[in-house]
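Descriptive structure summary
One-letter residues, chain by chain:
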Amino acid sequence: MRHPSVRSFWLVASVIATAGLVGGLLSTRPTAQADDPKPAYVGADACKKCHFKQHSSWKKTGMAKTFESLKPDVAAEKKTAGGLDPKADYTKDPKCLKCHTTGYGTESGYPAPPAAGAACTPAEEERMKLNQGVTCEACHGPGSLY
């Protein structure tokens, strides 16, 4: 049988080791600092690199597919029930895009539609692809600092 002070020593040592491990893991997580660049939306595929299981699960949800419901003849019953024209294209309607995209109208999120007659820039086209639907970043914030 061990002496009580030996057991106490190992208990204290294991608590310190656990605290050090947890502290070390937490300190490696990026955090926003005053001098850090502005956080930017990077798209769900960037999150997939580390969170494959969560990304795979998310892809099956209505959140991932919500942008698709803005297209003509998609989710017709729901649109009709909501008083919307199921044949209309709502993919450029700002009232819909605020909830059916991520980071709508922000510098790095889904861009607001260009003025009538204007075309999207290649950078805006890329941001459109990255931020369609309610992605990870809609709840967790822009992922560029991760």
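Up top is the structure these notes are about.
Residue numbering note: each chain is counted from 1, following its sequence as written. Only residues with pLDDT of at least 70 are given local features in this predicted model, and only at 80 or more are side-chain atom pairs given and counted; all residues enter the totals for whole chains, interfaces and linings. Note: side-chain values were computed over all heavy atoms of the structure, leaving out hydrogens and water.

**Points about the overall build of the protein**
When helices and strands are tallied, the protein shows eight helices and zero strands. In this text, helices come from DSSP runs of H or I with a minimum length of four residues, and strands from runs of E with a minimum of two, each type numbered from the N-terminal end. The helix and strand sequence of the protein, counted from the amino end, reads α-α-α-α-α-α-α-α. Pairs at least 24 residues apart make up 48% of the contacts formed inside the protein by residues separated by at least 6 positions. Of the roughly 10,400 Å² that the protein leaves accessible, carbon and sulfur atoms contribute 62%. It only takes one pair of heavy atoms within 4.5 Å for two residues to be counted as in contact. Only the protein chains shown count as cover for residues, and the accessible areas themselves come from Shrake-Rupley with a 1.4 Å probe.

**A few points about the environment of His55**
Within the secondary structure layout, His55 lies in helix H3 (residues 52–58). Exposed residues in this analysis have more than 50% of their type's maximum accessible area, buried residues have under 20%, and partly exposed residues fall in between, with area computed by a 1.4 Å probe over protein chains only. Residue His55 is classed as buried on the basis of its relative accessible area of 6%. For the pair formed by His55 and Ala44, sequence separation is eleven residues and the distance between their alpha carbons is 7.4 Å. Setting aside residues no more than four positions away along its own chain, His55 makes contact with Ala44, Asp45 and Lys48.

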